[in-house]
Amino acid sequence: MPLLAYYLVVCAAAQPGPAAVRDEPALLAAASRMLDGRLVPAGQVTDPLAYLWHGPGLVALLAPLVALHLPLTTIRFVSPVLLGCAALLFHRVLRLHLSRRASLGWTYAFGVYIPFLAVVPEVHKEPLAILLVVAGMLALRRGLAGGGRLALIAAGLCVAALAMVRLEYGWVAIALLAAASVAWAARRDSVTAPRLVAVGAVAVAACTPWLAYTYHLTGRPMYWGSSSGLSLFWMSPTQPGQSGQWHDPRLLDEDPALAAFKPLFGRLKTFDPVRSDLVLRRHAIANIRARPDRYARNLVANAGRLFFSVPMRPRPSLVRLGADVLFNALLLAAAGWAAILLWRRRSQAPPETAPIACFALAAIAVHLPPSASPRMLLPVVPPLIWLVAQAVAARERERRVAV
C-alpha cells in the first residue's frame, strides 16, 4: 500500500498536463476505434502510428475508460495502479522461496527502482508489461512446482499477453519455445523441460489470432507490427553522427542534423504503412551490408541507451541520467554476480531459475538490433531483481550451514 500511494502521488504531481503526449494520442485513438470493432482506421491509411504500430493489449485495457469519457488526467492513473499491482504480485513471487522479512525488503527494492517513475505520470505500455511479467513468473513457479495444467496455461497466456502489449515479445515467445524444445530433446528424462515446452506452446498459440489478423490485413505471414522497419532503419544509417537513436519522422524539420533523410521520408508519406515498413527494412539491410562496422558501433551505442540513457539527443536531465546510470549499473552488476553464483549452485536453485534467466536474456537481446529506448528495459527488471534475491538467499543459507 505505501508503494501504491507513492506511485499515485508521483502520477498526480508529475503529469505533463491535460494534452496527450508521446504514445498517448495513438493509444487513445486505437482504443476509440476498438470500441467500434476495429483496431486500424477504415479506408486508406498513410500514418504508420495509426495502423499496426501498437498491439491490442494496452488498447483493450484503455477502451472501457475511453468509453466512459474519462479525462486523460484520470486515465493516466492506470499506470501507477498497474505498477502497484505488480509490486504486490512480486511480493507473492518472493514469498514462495524467501522469508517474510526478505520478501518485503526485496519488494521495496523493486518498488523504489527510480527508473520506473519515468512511465508513471503518463499512459505507457511498460506498467502493464511489468505486471504481466511478474504474473507470468508467479504462474510459472506454480506450474513447475506441480501446480497443474492451469498454472502452465496461465504462464503461457501471460507471455502471449505481454506480446500483445509490446509486440517484440512475440519473438521472445518463439525463442523460448525453441529453447525449451531443444532442452527437452537433449534431456528426455527431464520433468521441467516438457512443462516449459507447454508454456511456450501456449504462448505462441495464443499469439496466432493476432498474426492471423495482421496476415489478413497485410498478406504477410509473421507480421507482428509496422514499427520494426523504422526502428531498424535508424540503427543502420551510414551518415556520420548517427548512433542508432530513434527519431520521429514527423519532426525531421526540427533537427538540421536529419536533413539528409527528408527526401526518403517525403516519399514514404505517400505509401501505405506496410509498404513504408518494408521499404525501410530494405534500406536498413542494405545499409548494414554496406557498413557492418558502423552498425556494430551502433549496437554498442544502443546497449548504452537501453541501460544508461546515453548517447541520446537531447540529453536527459541530470537527475534522469544519474538515476538510470546508478540503478542500472548496480542492477547489472548484481545480476551478473547472481548469474555466476546460481550457475555454480544450479542443482540447488529453484526450477524456474533457468527459464526466468533465459527470458531476461532474450528480452534484452530482442531490443538490441533495432533502435532501443531506456523504457524497454523496465519489463526485464523484475526477473533480474528476482535472480539477485535468490542468489543472496542462497549465499545466506550457505553461511548459516557453515556456522
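Above this note sits the structure.
Summarised in this report is the structure supplied together with it. Please read these numbers as outputs of a predicted model, since none were measured by experiment.

## Examining the overall build of the protein chain
Turning to step 1, where the next piece is worked out: A tally of helices and strands in the protein chain yields 17 helices and zero strands.
Turning to step 2, where the next piece is worked out: Its C-alpha radius of gyration of 22 Å places the protein chain within 12% of the 22 Å reference for a compact globule of 403 residues.
Turning to step 3, where the next piece is worked out: Its C-alpha atoms give the protein chain principal-axis dimensions of about 70 × 50 × 45 Å.
Turning to step 4, where the next piece is worked out: Across the 403 residues in the protein chain, those meeting the buried criterion constitute 49%.

## Considering empty space enclosed by the protein
Turning to step 1, where the next piece is worked out: For the structure shown, the criterion picks out three cavities of 30 Å³ or more.
Turning to step 2, where the next piece is worked out: In terms of lining residues, the largest cavity is bounded by Tyr113, Pro115, Ala118, Leu306, Arg320, Asp324, Asn328, Pro374, Arg375, Leu377 and Leu378.
Turning to step 3, where the next piece is worked out: Ranked by residues supplied to the lining of the largest cavity, first place goes to helix α15 (residues 318-344) with three residues.
Turning to step 4, where the next piece is worked out: Its residues placed into classes, the lining of the largest cavity shows seven nonpolar, one polar and three charged.
Turning to step 5, where the next piece is worked out: In this structure, the second largest cavity is lined by Ala26, Ala30, Arg33, Leu39, Leu49, Tyr51, Trp53 and His54.
Turning to step 6, where the next piece is worked out: Each residue belonging to the lining of the second largest cavity can be placed in one class, and the counts come to six nonpolar, one polar and one charged.

## Focus on helix α9 (residues 169-186)
Helical periodicity: at 3.6 residues per turn, an α-helix aligns residues three or four positions apart in one direction.
Turning to step 1, where the next piece is worked out: The end-to-end C-alpha distance of α9, which contains 18 residues, comes to 25 Å, matching closely the 26 Å that a straight helix rising 1.5 Å per residue would cover.
Turning to step 2, where the next piece is worked out: Within α9, burial applies to Tyr169, Gly170, Val172, Ala173, Leu176 and Ala180. For α9, the angular spread of buried residues about the axis comes to 155 degrees, placing them on one side. Among the exposed residues of α9, those pointing more than 90 degrees away from its buried face are Val182, Ala185 and Ala186.
Turning to step 3, where the next piece is worked out: Buried-residue contacts for α9 involve α8 (149-165), α10 (192-218) and α16 (353-365).

## As for the side chain of histidine 54
Turning to step 1, where the next piece is worked out: Along the chain, histidine 54 turns up in the loop between α2 (24-35) and α3 (56-67).
Turning to step 2, where the next piece is worked out: With a relative accessible area of 6%, histidine 54 lands in the buried category.
Turning to step 3, where the next piece is worked out: At a separation of 3.0 Å, a polar atom in the side chain of histidine 54 contacts the side chain of lysine 125.
Turning to step 4, where the next piece is worked out: Once you skip the residues sitting within four places of it in the chain, histidine 54 turns out to touch Asp23, Ala26, Leu27, Leu39, Leu49, Lys125, Leu167 and Trp210.

## A short note on α8
Turning to step 1, where the next piece is worked out: For α8, which comprises 17 residues, the first-to-last C-alpha distance of 24 Å matches the rise-based estimate of 24 Å (1.5 Å per residue) to within 8%.
Turning to step 2, where the next piece is worked out: For α8, the set of buried residues is Ala151, Leu152, Ala155, Gly156, Cys158, Val159, Ala160, Leu162, Ala163, Met164 and Val165.
Turning to step 3, where the next piece is worked out: Where the residues of α8 are buried, they touch α3, α7 (126-144), α9, α10 and α16.

## Re the environment of glycine 241
Turning to step 1, where the next piece is worked out: Within the secondary structure, glycine 241 is located in the loop between α11 (228-235) and α12 (262-268).
Turning to step 2, where the next piece is worked out: For the pair glycine 241 and leucine 258, spaced 17 residues apart in sequence, the C-alpha to C-alpha distance is 9.7 Å.

## Quick word on the side chain of glutamate 122
Turning to step 1, where the next piece is worked out: Checked against the element boundaries, glutamate 122 lands in the loop between α6 (100-111) and α7.
Turning to step 2, where the next piece is worked out: At 3.0 Å, the side chain of glutamate 122 and the side chain of histidine 124 are in polar contact.
Turning to step 3, where the next piece is worked out: Among all residues touching glutamate 122, those that are not within four sequence positions of it are Pro16, Val21, Arg22, Glu24, Arg76 and Ser79.

## Here we look at the environment of alanine 303
Turning to step 1, where the next piece is worked out: Looking at where alanine 303 falls in the secondary structure, it is placed in helix α14 (residues 292-308).
Turning to step 2, where the next piece is worked out: Overall, the relative accessible area of 22% leaves alanine 303 in the partly exposed class.
Turning to step 3, where the next piece is worked out: When the C-alpha atoms of alanine 303 and leucine 368 are compared, they prove to be 6.4 Å apart, with 65 residues separating the residues in sequence.

## So, the layout of surface pockets
Turning to step 1, where the next piece is worked out: For the second largest pocket, the calculated volume is near 1,300 Å³.
Turning to step 2, where the next piece is worked out: Among the elements of the structure, α7, α8, α9, α10, α15, α16 and α17 (381-402) are those that each provide at least two residues to the lining of the second largest pocket.
Turning to step 3, where the next piece is worked out: Element by element, the count of residues in the lining of the second largest pocket is highest for α16, at 10 residues.
Turning to step 4, where the next piece is worked out: For the lining of the second largest pocket, the per-class residue count stands at 41 nonpolar, six polar and three charged.

## Notes on the pattern of salt bridges
Turning to step 1, where the next piece is worked out: If you walk through the whole model with that rule in mind, you get 14 salt bridges.
Turning to step 2, where the next piece is worked out: Across the salt bridge formed by arginine 141 and glutamate 352, the nearest N and O atoms sit 3.4 Å from each other. One end of the pair, arginine 141, is in helix α7; the other, glutamate 352, is in the loop between α15 and α16, and 211 residues separate them in sequence. Each member of the pair arginine 141 and glutamate 352 is classed as buried.
Turning to step 3, where the next piece is worked out: Among the ionic pairs, aspartate 248 bridges to arginine 250, the shortest N-O distance being 2.8 Å.
Turning to step 4, where the next piece is worked out: You can call aspartate 248 buried: its relative accessible area is 16%.
Turning to step 5, where the next piece is worked out: In this structure arginine 250 comes out as exposed when scored by relative accessible area, which is 54%.

What counts, and at which threshold
Within any chain, residue numbers begin from 1 and follow the written order of that chain's sequence. Local features in this predicted model are restricted to residues of pLDDT 70 or higher, and side-chain atom pairs are both shown and tallied only at a pLDDT of 80 or more, whereas totals for entire chains, interfaces and linings draw on every residue. Remark: hydrogens and water are excluded; side-chain values derive from all non-hydrogen atoms of the structure. Counting from the N terminus, the helices are DSSP H or I runs at least four residues long and the strands are E runs at least two residues long. The reference for a compact globule is 2.2 Å times residues^0.38; the radius of gyration itself is calculated from the C-alpha atoms. The rule is simple: take the accessible area with a 1.4 Å probe, protein chains only, and divide by the maximum for that residue type; under 20% is buried, over 50% is exposed, in between is partly exposed. A 1.4 Å probe that fits into a set of points on a 1 Å grid over the protein atoms alone but cannot get out defines a cavity; an open set with protein on both sides within 12 Å along at least five of seven lines defines a pocket, and lining residues are those with an atom within 4 Å of a point. Grid points are joined across faces, edges and corners, and a volume is the space filled by probe spheres set on the points. Amino acids outside the nonpolar list (Ala, Val, Leu, Ile, Met, Phe, Trp, Tyr, Cys, Pro) and the charged list (Asp, Glu, Lys, Arg) are all regarded as polar, and Gly is one of them. Multiply 1.5 Å by the residue count of a helix minus one, and that product is the helix's expected span. It is the directions from the helix axis to the C-beta atoms that the arc portrays. By definition in these notes, contact holds between two residues if any of their heavy atoms fall within 4.5 Å. Any pair of nitrogen or oxygen atoms within 3.5 Å is treated as a polar contact; in protein, a donor-acceptor pairing is required on top of that, and neighbouring residues in sequence qualify only through side-chain atoms on both sides. We define a salt bridge as a side-chain nitrogen of Lys or Arg found within 4 Å of a carboxyl oxygen belonging to Asp or Glu.

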